[in-house]
Amino acid sequence: MTELEILGLGHRGDGLADLDGRAVFVAGALPGERVAADVAGERGRLVEILAPSPDRIEPVCPHYGACGGCVLQHLAPAPYADFKRRLVVDALADRGLAPDVEPAAVVPPGSRRRATFAGTTAGRTPLVGFTEKASHRVVPVEACPVSVPELLATLPALRALTALVGTRKTALDLAVTATDSGADVTVSGLSAKDVDRLRLPLIDLAARFDLARLSVAGEIVVERRPPVVTIDGVAVLLPPGGFLQASRAAEAIMAEAVVAGVGAAKRVADLYAGVGTFALRLARTADVTAAEGDAAAVAALDRAARGMTGRHRIRAERRDLARRPYVEKELVGFDAVVFDPPRAGAAEQAGWIAKSDVRKVVAVSCNPATLARDLRTLVDGGYRIRRVLPVDQFLWSSHVEVVAVLERG
Ligand SMILES: C[S@@+](CC[C@H](N)C(=O)[O-])C[C@H]1O[C@@H](n2cnc3c(N)ncnc32)[C@H](O)[C@@H]1O
């Protein structure tokens, strides 16, 4: 057992101590605390809090600590929001960037509308929940203060589905989105053969639990109601397992920052557009070219765009932007570019934007490290960072979204 003084928080939310000149990370410990820990390598297992921080609070979730979903429920709201902001400040500083970073906008509890549960069995008992931190073990959950009630209301259906599938070596991935028309459930970890074997009971299960749609192993097994989400008043029919911002509240904050960042631009490129979270809003004031790699998302956006009235045109294009980014000459004529890539960022694409004459750029990202790399490229190309807004979409996790607005000159 070793006594440690906790000096700060690491970027995964663990307490950070210095032991004879080397860093030790202690999950559950807070800055300013003195703790006893079992240390192995760079990890310390918290055994006892000898002197607690005044910022320590009681976690709201009964599964906190066992479930690997949340890491910072024990930290008071103000230092917690500051931690999220610091993640962004530090990532930018690592690339030599020091713009003003606004306070993090934190979403309320109970606002997450999509989650991937894990389903397994213990004997014949189905267990549905989230996995433990750094392990495949499933921690069954009854509550999840992060999620909208509609997500939790699917737990009985997910348990019945897991029981129906029976014992397997690896847990099922049960992705659920709470849509305007009910739960959209997408199961992976099964084969087409499993679907053939279980088709009728799966259809029956979807009816019994009133699921809007159930897709398994890439196939829509039953669609009882089209799973629709409304984006800025436009109905979008979601493709199974397609991307959607995890919280409607976060989506609203991010979209407002994107629309304000684009400002009066009349021709906008929305790159990595998904089903149109930003494009549909931007089309209120601008012609939008929306590029996205996922064919089903492009089709959904195209269909939604055709259904809107009183807005500008959206041209939806399927394109792999990692292999075929918008190059300098294709960017001519756009007043603004929005890009919102996956975690790996948009290194190539940012390189081309940096060479372009586009006046305004809005970068949206769920990974501060790759965002910082891409912003560095843009700044080196002559852009100035006008705004950086961290958005805490993934409550009590160590993840953060960011919207950054840049302008040429
Ligand atoms: C973080 S999501 C953002 C989607 C959208 N902007 C939104 O807010 O809903 C990233 C999107 O990039 C798409 N994507 C991933 N890799 C891509 C690639 N190489 N080329 C084009 N799109 C890609 C994904 O399908 C996903 O829709």
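None of the values given here were measured: they were computed from a predicted structure.

### What to know about the overall build of the chain
- When you go through the chain residue by residue, the secondary structure sums to ten helices and 22 strands.
- Over its C-alpha trace the chain gives a radius of gyration of 23 Å, about what one expects of a compact globule, namely 22 Å for 409 residues.
- In terms of its C-alpha atoms, the chain occupies a principal-axis envelope of roughly 65 × 60 × 30 Å.
- Buried positions account for 48% of the 409 residues belonging to the chain.
- Contacts in the chain between residues at least 24 apart in sequence constitute 61% of all its contacts with a sequence separation of at least 6.

### Concerning the UniProt feature "domain: TRAM" (unreviewed entry) in the chain
- According to UniProt, the "domain: TRAM" (unreviewed entry) feature falls on residues 1–51.
- End-to-end, the C-alpha atoms of residues 1–51 are 16 Å apart, and along that stretch the chain is 0% helix and 67% strand.

### Notes on the packing of helix H1 (residues 77–94) against helix H10 (residues 368–380)
- With their axes 8 Å apart at the nearest point, H1 and H10 run at an angle of 40° to one another. Comparing the axis directions of H1 and H10 gives the class oblique. Once H1 is placed against H10, the crossing between them reads as right-handed. Packed against H1, whose contacting residues are Leu 87, Val 88, Ala 91, Leu 92 and Asp 94, the element H10 presents Pro 368, Ala 369, Leu 371 and Ala 372 at the interface.
- Classifying every residue of the contact of H1 with H10 by side-chain character gives eight nonpolar, no polar and one charged.

### Describing the site of the ligand
- Near the ligand lie 17 residues; those nearest to it are Tyr 272, Gly 274, Thr 277, Gly 293 and Ala 322.
- Within the shell around the ligand, the residues separate by chemical class into nine nonpolar, four polar and four charged.

### Some remarks on the UniProt feature "binding site: S-adenosyl-L-methionine" (unreviewed entry) in the chain
- UniProt tags Gln 245, Tyr 272, Glu 292 and Asp 340 as "binding site: S-adenosyl-L-methionine" (unreviewed entry).
- Mapped onto the elements of the fold, Tyr 272 is located in the loop between strand E16 (267–271) and helix H6 (279–282).
- Classification of Tyr 272 by C-beta neighbours within 10 Å gives buried; the count is 24.
- Every residue in contact with Tyr 272, bar those within four places of it in the chain, is listed here: Glu 292, Leu 321, Phe 339, Asp 340 and Pro 341.
- As for its position among the elements, Glu 292 is in strand E17 (residues 287–292).

### Focus: the packing of helix H9 (residues 347–354) against H10
- It is at 8 Å that the axes of H9 and H10 come closest, and there the two elements cross at 15°. By the angle class used here, H9 and H10 are roughly parallel. In this structure, the crossing between H9 and H10 has a hand that is right-handed. Every residue of H10 that contacts H9 at Ala 347, Ala 350, Gly 351, Ile 353 and Ala 354 is listed here: Arg 373, Asp 374, Thr 377, Leu 378 and Asp 380.
- Taken together, the residues of the contact of H9 with H10 break down into five nonpolar, two polar and three charged.

### Quick look at the sheet that holds strand E2 (residues 15–19)
- Spatially, five strands are ordered E1-E2-E3-E5-E4 in a closed barrel, and the strand pairing comes out mixed. The sheet shows a mean angle of 50° between the axes of neighbouring strands, taken without regard to direction.
- In the sheet, strand E1 (residues 2–9) pairs with strand E4 (residues 34–40) via four bridges, with the strands oriented antiparallel. Residue pairing in the sheet places Glu 5 in a bridge with Arg 34 of E4.

### What to know about the confidence of the model for the chain
- Across the chain, the average pLDDT comes to 96, with 100% of residues at or above 70.
- The ipTM value of the predicted complex is 1.00, and its pTM value is 0.95.

### Quick look at unusual backbone geometry
- The backbone of Ala 217 shows a phi angle near 50°, a positive value even though the residue is not glycine.
- Accessibility expressed as a C-beta count within 10 Å gives 16 for Ala 217, which makes it partly exposed.
- Residue Trp 396 is not a glycine yet carries a positive backbone phi of 65°.
- Mapped onto the elements of the fold, Trp 396 is located in the loop between strand E21 (383–392) and strand E22 (401–408).
- Residue class for Trp 396 comes out buried when judged on the 23 C-beta atoms lying within 10 Å of it.

### What to know about helix H3 (residues 155–165)
- Within the sequence span of H3, burial applies to Leu 155, Ala 157, Leu 158, Arg 159, Leu 161, Thr 162 and Val 165.
- For H3, the secondary structure elements touched by its buried residues are strand E7 (114–122), strand E8 (125–131), helix H2 (149–152), strand E10 (172–179), strand E11 (182–188) and helix H4 (192–208).
- One or two residues past the end of H3 sits Gly 166, with phi positive at roughly 85°.

### Considering the nonpolar core
- Leu 301 and Val 338 are the most contacted members of the largest nonpolar core, which totals 133 residues.
- For this core, the leading source of residues is helix H5 (residues 248–262), giving eight residues.
- Residue contacts for Leu 301: discarding those within four places in its chain leaves Ala 273, Val 275, Gly 276, Ala 279, Ala 290, Glu 292, Ile 314 and Ala 316.

### Details of H10
- The end-to-end C-alpha separation of H10 is 18 Å, in line with the 18 Å expected for 13 residues at 1.5 Å each.
- Contact partners of the buried residues in H10: H1, H9, strand E20 (360–365), E21 and E22.
- Positive backbone phi, at 105°, marks Gly 382, one or two positions downstream of H10.

### A closer look at the environment of Arg 248
- Looking at where Arg 248 falls in the secondary structure, it is placed in helix H5.
- Given 18 C-beta atoms within 10 Å, Arg 248 falls into the partly exposed group.
- Along the backbone, Arg 248 and Gln 393 are 145 residues apart, and their C-alpha atoms lie at a distance of 9.1 Å.
- The contact partners of Arg 248, leaving out residues within four places of it in the chain, are Ser 111 and Arg 113.

Parameters at a glance
- Residues numbered from 1 in each chain as written.
- Predicted model: local features only at pLDDT ≥ 70, side-chain atom pairs only at ≥ 80, totals over all residues.
- Helix = DSSP H or I, 4+ residues; strand = E, 2+ residues; numbered from the N terminus.
- Rg over C-alpha atoms; globule rule 2.2 N^0.38 Å.
- Buried ≥ 20, exposed ≤ 12 C-beta atoms within 10 Å, placed from the backbone.
- Contact = placed C-beta atoms within 7 Å.
- UniProt positions renumbered as here; feature names shortened; annotations may be inferred.
- Axes fitted to C-alpha atoms, helices over the stretch in contact; angles between N-to-C directions.
- Parallel < 35°, antiparallel > 145°, perpendicular 65-115°, else oblique.
- Left-handed = near helix turned anticlockwise from the far one by under 90°.
- Nonpolar A, V, L, I, M, F, W, Y, C, P; charged D, E, K, R; others polar.
- Near = placed C-beta within 6 Å.
- Pairing = 2+ DSSP bridges.
- pLDDT = per-residue confidence, 0-100.
- Core = buried A, V, L, I, M, F, W, Y, C linked by C-beta atoms within 7 Å.
- Expected span 1.5 Å × (residues − 1).

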